[in-house]
Amino acid sequence: MLLKKLQLKTIDYKFALTICFFLFFTPLISAQEIIPDVVAQKPVEVPSGGKLKIDGIIATVGDYIVLDSDIDKGFLEITAQGGSVKDITRCQMLGKLLEDKLYAHQAIQDSIIVSDAEVRGMMEDRLNYMTQQVGDINKVVEYYKKSSVEEFKTYFADILKEQKLASEMRDKIVKDVEITPEEVRNFFKKIPKDELPTFGAEMEVAQIVVEPKISKEDKQKVIDRLNAIRQDVLEGSSFATKAVLYSQDPGSAPNGGYYKMTRKTPFVKEFKDVAFSLQAGEISQPFETTFGYHIIMVEKIKGQEVELRHILIAPTVSEAALKEAKERITNIRNKIINKELTFADAARTESDEKETRANGGTLVNPTTQDTRFELTKMDPTLYSQVSNLKGDEISQPLLNTDDKGKKTYKLITVTNRIEDHTADYAKDYTKIKELALKEKQINAIAKWFDAKIKDTYIKIIGEYKDCSFANNWLKK
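Cut-off values and rules
- Residues numbered from 1 in each chain as written.
- Predicted model: local features only at pLDDT ≥ 70, side-chain atom pairs only at ≥ 80, totals over all residues.
- Heavy atoms only, no water.
- Helix = DSSP H or I, 4+ residues; strand = E, 2+ residues; numbered from the N terminus.
- Buried < 20%, exposed > 50% of the residue type's maximum accessible area, 1.4 Å probe, protein only.
- Phe/Tyr/Trp six-rings, centres within 6.5 Å; stacked < 30°, edge-to-face > 60°.
- Lys NZ or Arg CZ within 6 Å of the ring centre and 35° of its normal.
- Polar contact = N/O pair within 3.5 Å; in protein donor to acceptor, adjacent residues only side chain to side chain.
- Pairing = 2+ DSSP bridges.
- Expected span 1.5 Å × (residues − 1).

- Per an unreviewed UniProt entry, the protein carries the name Peptidylprolyl isomerase and comes from Flavobacterium chungangensis.

### Side note on unusual backbone geometry
Here comes step 1: Phi angles above zero are rare outside glycine, and S111 is one such case at about 60°.
Here comes step 2: Note that S111 resides in the loop between α5 (90-109) and α6 (116-134).
Here comes step 3: Its relative accessible area of 56% is what places S111 among the exposed residues.
Here comes step 4: Backbone geometry at Q369 places phi at a positive 65°, although glycine is not the residue there.
Here comes step 5: The class for Q369 is exposed, based on a relative accessible area of 58%.

### Re the packing of aromatic side chains
Here comes step 1: Across all of its chains, the model carries eleven aromatic pairs by this definition.
Here comes step 2: Plain terms: the ring middles of F152 and F156 are 5.2 Å apart, the flat faces sit at 25° to each other, and that makes the pair stacked. With a gap of four residues between them, F152 and F156 both fall in helix α8 (residues 149-174), about one helical turn apart.
Here comes step 3: Centroid distance W448 to F449: 5.2 Å. Interplanar angle 75°. Geometry classified as edge-to-face. Of the two residues, W448 and F449, neither departs from the other in class, the shared state being buried.
Here comes step 4: Put simply, the rings of Y103, W448, F449 and W473 touch in pairs and so form one group of aromatic residues.
Here comes step 5: Across the ring face of Y155, the terminal group of K146 is positioned such that the distance to the ring centre comes to 4.1 Å.
Here comes step 6: Just above the ring of F199 sits the side chain of K431; from NZ or CZ to the centre is 5.7 Å.

### Points about the environment of Q369
Here comes step 1: Relative to the assigned elements, Q369 resides in the loop between α15 (354-357) and β11 (372-374).
Here comes step 2: Between the C-alpha atoms of Q369 and T430, which are 61 residues apart in sequence, the distance is 8.4 Å.
Here comes step 3: Among the polar contacts made by the side chain of Q369, one reaches the main-chain carbonyl oxygen of P366 at a distance of 2.8 Å.

### Some thoughts on the pairing of strand β13 (residues 407-418)
Here comes step 1: Here strand β6 (residues 202-210) runs beside β13; their pairing, made up of nine bridges, is antiparallel. Residue pairing in the sheet places I208 in a bridge with L411 of β13.
Here comes step 2: Taken together, the four bridges between strand β12 (residues 398-401) and β13 define a ladder with antiparallel strand orientation. Its bridge partner lying in β13, L398 is registered against K410.

### What to know about helix α17 (residues 429-455)
Here comes step 1: Taking 1.5 Å per residue as the helical rise, α17 with its 27 residues ought to reach 39 Å, and the 39 Å between its terminal C-alpha atoms agrees with that figure.
Here comes step 2: Of the residues making up α17, those classed as buried are K431, I432, A436, E439, Q441, I442, I445, W448, F449 and I453.

Pasting the structure below:
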């Protein structure tokens, strides 16, 4: 029954995932001040003889409110995206909204700060996506019944800030939750044999990567260009504007090159070393990472946290360099086929990819941090490259272009295939550990809710007082 118990505990998480697409692109919640003494639902007569509910406040949590229409919007958007709402009640939807409000409210109490720059970055990402989907920003504005793009952005900024506060609060609750091997073992032992989970077919994959060589002349052109940009900024130009115009980092360029980071933030070492060597207002000299050449300007230093902007420009790879790289990797493949080298030894001695070279080219799953990739969850590009390989067959040289436009050639092979199977403690330790950690995190969040609900002003109005919530929102 333990696994079923865990599944029951995670219903709210599955529900949250069901509506995460909606939460990402359509504001389900409105950040508003408390308006006391407003009737939640006041029926009025309509010509058809039916009754129309006037939208109003149905709940308050600290400094936030929930409107009756927020629930309706939730159902509408899930349906619009092809999801099923048949098993989601209005009470469940309200419960999820109340959770988000409490997270955001408590984040403010805990002095969690979401900067305007962060909100602007989120805004650009989401507006770009929505515009790509519908083709015109004005259609987005019309959908939200706003009179102008600026009015919509002002409205949407409040929503995004609240969502970010809630996200930061959730992360803070679980960030220090850790699981010991003994706890993992006890978790697994408590699962009845007939309730053990089944894991899908998986494979382990290895690759060899060859990067085209870039000439010193092409590198110097990029360095000179960055130096010219740096000089323009020193003479008064806007670094943020330069980043929007010239940076090749798709993750930050639309937001003027902005990043907020600590020493624990997963940036490459060279980038962090430069970022934390600068004073506020200082601009670095051009420096190189695996992504290309950068300059950094530090805006603020807050304790161990740095807010900065950067510009990335990668040298152009010539056709001659690409041809040379293909010839090199073809030669490596021939050596492996002719048994002069094993794939693993070739990866260790010939591959240009530092992350996999020491492990004989073995890829690590970025989601699970182990070496197995479940076929149904594998990245489509990777799956297309390995799905037709038989046995220990090695692919032909593949030209790969990453999300930053960097071109490389690679060889890929499947080193291990695992069929569908019932969970095994020794073979599936990483997955079992993940389940055990999730249960412990859920328990930590439940304990947090119990404590904060008691200490926070919460009021639920009208028919929703009869809801049976997972959390004690009614304080009974």
